[in-house]
Every structure is written in C-alpha cells, then in structure tokens.
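Topology and contacts: notes
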Amino acid sequence: MKILFLDQSGKPGGAELCLLDIAKPYGQNALVGLFADGDFRKLLQENQIPVEVLATQAIKVSKQSGLFPALSSLGQITPLINQVVHRAKKYDLIYANTQKALVVGAIASFFARRPLVYHLHDILSQEHFSKTNLRVAINLINRCAALVIANSQASKTAFLQAGGKPDLVQVVYNGFAAKNYEVDELEVSNLKENLGLKDKFIVGHFSRLSPWKGQHILIDALSQCQKNVIAMLVGDALFGEYEYVKDLHQKVTALGLENRVKFLGFRADIPQLMAVCDLVAHTSTAPEPFGRVIVEAMLCGKPVVAAQAGGAMELVEDGVNGFLVTPGESQELAAVIHNCLQASTKIANIGNYARISASQRFDVHTINQQIQELLKLIILNK
Ligand code: UDP
Ligand code: GLC
C-alpha cells in the first residue's frame, strides 16, 4: 500500500508526532507532503520517512478565520493542489492529517481520483474553530472523505454533533512504543541535579505554550502549594502565542514564583524529563481532543492529573490510573498536588498501574495494524 500523507505544519506538534509513528512502517511506500518547512521535516528525515515540502508560502487561514480569508486563500493554494495531484497519482490514497491538509487533499483527491482519508485530531466545536471553518470542514469531509479516523471518542462525538456522517468515522487512539519511555535511573538523577531540582517535589507540564493549554492554571495552583513544590514547564509557543508567554512570565513575577517555575522551552528528551517529575499536570481549559502527554506520563510510570474534559476522560480514571480535576480550577489542582505530596506510596502505585495498562492499551504496533486494516478496506472498496 502506497500512501501520500499531507500535513500543513513544519513544526512537531502532537498531530505530527502521531503521523510520524503511522507513516514509519510504510518506509519508501510513504511520502509526507508538508505545507511548511521546519523541525518536523528533519524529524521525518531522521526516521527515514520520505518527505517533501510542497509549499513555499504559509496559508493565511487560522482556526478562527471567517469566510473572506478562507475564500481568498483558494487562489493561494492552487499551485499546492497541483503539486499534490501530480504526486498523488503514484500513491493509492491521500491521508490528510490537519485541517488545511484536508482542504487541499479533498480537492486533489477529486482530480487525482484517489480516496481521501482524514485523521481528525481536533474537537470540531466553536470552542476551537470559527463557524465558517467548521462548516467548510464538515462539508468537505462529508462529500470527499472515504474514512475519518478520530483520535478519541470525544473528537468523534463533536464531529457527529457538527453534522459529520456517522458511517465515515472510526475512533483510533494514538499509539506509543513503551520502550521509548524506559529511562535509566542514573540519567534521571543526573538530569535532576543539573536542573538544580534535587529534593524538590516537581510538577511537570509538557505542552506548547498556548492559552487553552492552561499553563497559567498550574502557576496559580503553585502559589497555593508549599515552597518545595516546583513547576517545570516544558514546551514553546509553537504557533506564535508570544503574548501568552509574556503573560506567563508576568504572572510568575507578580506571584513571586521566580525560583519555583522553570521554563525549559521545547525539548526532545520528554521521557527523561517526565522521569524527573513527581507528578505530571495537564491543564487544558478547553476539551483536549486526545492528549498525548497524558499517555506519555503514564508510560513513564508517573501519576498524572488531567483536566476533566474531552479525550482526557477516556484516558484517565480518577484515583485509578491518575487524577481528574475541573478544567480551569487551580484550587482543585493545588489540592491534588498537596495530596500527592502526602501519599507517596499511593501515587507510586497509581503510576505503576498507569504504566502497565497504558503500554497495553496504546501499543503502537497494534494501533498501526488497526489503521492498516481500515486503509486496506478503503482501497479495496474504491
Ligand atoms: N512535546 C515535545 N517537546 C516539548 C513539548 C511537547 O516533544 O517541549 C511533545 C509531547 O511529548 C507530545 C506532543 O508534543 O507528544 C504534544 O501532544 P499533545 O497531544 O499532548 O498536545 P498538542 O500540542 O498536540 O495539542
Ligand atoms: C492534536 C490534539 C491533541 C492530540 C494530538 C494527537 O494536536 O490537540 O489533543 O493528542 O492531536 O492526536
């Protein structure tokens, strides 16, 4: 099976890291077409996945764009569509991994006569998208896609509520190789020492810096915790959210937490950094479509506290393999941090159980097989 994957981003966000694992088994039978250059292209190359940057200009439409920018971008994407049509003729199907890839992929699938698969990584609701954007996405999917792979039940439900066709959609979770999350103890203690965090209770937060990812909630919670609790924020403003980064730093200063909040920026050593943590916090204020970081923390054997909404509710069972708190409620988060500080044996057991169950439930080989079976059916039925 030969697959042309399309993704609009040059940056390695969660959807892109998921795509990396899906494309890998296809080797030279895959081509990833990107609409922007960046570190994601390098990551694909390091993993021997064929990649081409197909666009030289960024497409000027955002999740909140209205009808006018959407229409005016059509002229801009024509050369890109031509490139995709040309490439698609050598592949069995087009696999769109992001919304702009869906738009380009849908039109190209018509001209190249190749089936279109859309991997839905988003919750298609007005909390995340403008009305125009939602309407365009649902219409294109309903008319052009042969299959929608939703990254969670929550994403599937939002798709159906927005008017998506029920017979198109299948839920497939992100897959992970558990062995990538096994970390050497010595490496962990060295890292902890290098970060100057020995003898501290470390609450890690792993996400791009963006208002809806809610890093400010963790900072608020920290101000309600005892002084040996430290927040380690791993991630960068991947999509230009520099105002939010400024706000976060101002908040830290205003609350006098300069010595208790570490901003580490974007890092590639996530398993090692998670292993340094005593607790991993997920604080999204809008429903998280899936939440890779939640599963990754589990695979590292760490207790995770997550915002109770969206896909996170399918991953975490409160008090069993982690903790759930009301989104946006820093007091609840502070209370969980406090309880974890007091009950080290209980949280170690929770982390351990989370590791074992997550390594079975999200095994990358099983999940890739599931996807392959779905794709085979699409090709057979075209
Ligand atoms: N991540 C990373 N380096 C960082 C911060 C995050 O590699 O500095 C990774 C993280 O390990 C996870 C992904 O980025 O695999 C984020 O995916 P998630 O589904 O949690 O959120 P998204 O940003 O896609 O909404
Ligand atoms: C998107 C979502 C995130 C999900 C990831 C992988 O980036 O925001 O919740 O985990 O895709 O499916």
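Quick note: structure is the one above.
What follows covers the site of ligand 1. Among the 15 residues in the neighbourhood of ligand 1, the closest are listed as Gly14, Arg208, Lys213, Arg267 and Glu296. Gly14 is positioned such that a nitrogen or oxygen atom in its backbone is 2.9 Å from an oxygen atom of ligand 1. The contact in question runs from an oxygen atom of ligand 1 to an N or O atom on the side chain of Arg208, over 2.8 Å. For ligand 1, the accessible surface in isolation is 540 Å², of which the surrounding protein chains cover 90%. If you list the elements that add at least two residues to the shell around ligand 1, you get helix 1 (14-23) and helix 11 (292-299). By residue number, the principal contributor to the shell around ligand 1 is helix 11, which donates 3 residues. Its residues assigned to classes, the shell around ligand 1 comprises 5 nonpolar, 4 polar and 6 charged.

Bringing the sheet that holds strand 7 (residues 169-171) into the picture now. Strands sit in the order 3-2-1-4-5-6-7 across an open sheet of 7 strands; the sheet is parallel. Both outer strands of the open sheet, strand 3 (51-53) and strand 7, are each paired with one neighbouring strand and no more. When the angles between neighbouring strand axes are averaged without regard to direction, this sheet yields 20°. Bridge analysis of strand 1 (residues 3-7) against strand 4 (residues 93-96) gives 4 bridges, and the strand direction is parallel. Paired with Leu6 across the two strands is Ala96, which belongs to strand 4.

What follows concerns the pattern of salt bridges. One pass over the full model with this rule turns up 9 salt bridges. Residue Arg87 pairs with Glu52 through a salt bridge whose shortest N-O separation is 2.8 Å. Of this pair, Arg87 sits in helix 3 (residues 67-88) while Glu52 sits in strand 3; the two residues are 35 residues apart in sequence, bridging distant segments of the chain. Measuring nitrogen to oxygen at the nearest pair gives 3.9 Å for the salt bridge that ties Glu296 to Arg292. Here Glu296 pairs with Arg292, and both are found in helix 11, just 4 residues apart, close to one helical turn. You'll find Glu296 and Arg292 in the same group, each marked buried.

Cut-offs and rules
Starting from 1, residues in each chain are numbered consecutively following that chain's sequence as written. Chains carry letters and ligands carry numbers; both start at the beginning, A for chains and 1 for ligands, and go up in the order they are written. Side-chain atom pairs in this predicted model are given and counted only at pLDDT of 80 or more, local residue features only at pLDDT of at least 70, and totals for whole chains, interfaces and linings cover all residues. The side-chain figures draw on all heavy atoms in the structure; neither hydrogens nor water molecules are used. Throughout, the term near means that a residue has one or more heavy atoms lying within 4 Å of the molecule or strand in question. Polar contacts, as used here, are pairs of N or O atoms within 3.5 Å; protein pairs need one atom able to donate a hydrogen and one able to accept it. Residues neighboring in sequence count only if both atoms are side-chain atoms. A 1.4 Å probe and the Shrake-Rupley method give the accessible areas. Residues count as covered only by the protein chains that appear here. Only runs of H or I of at least four residues qualify as helices and only runs of E of at least two qualify as strands under DSSP, and these elements are numbered from the N terminus. Residue type decides the class: Asp, Glu, Lys and Arg count as charged, Ala, Val, Leu, Ile, Met, Phe, Trp, Tyr, Cys and Pro as nonpolar, and the leftover types, Gly among them, as polar. Strand pairing is assigned whenever DSSP identifies at least 2 bridges connecting the two strands. Note on geometry: axes are C-alpha line fits, over the in-contact stretch for helices, and angles between N-to-C directions span 0 to 180 degrees. When a carboxyl oxygen of Asp or Glu lies within 4 Å of a side-chain nitrogen of Lys or Arg, that pair is called a salt bridge. Here the term buried applies to any residue with accessible area under 20% of the maximum for its type, exposed to any over 50%, and partly exposed to those in between, with areas from a 1.4 Å probe on protein chains only.

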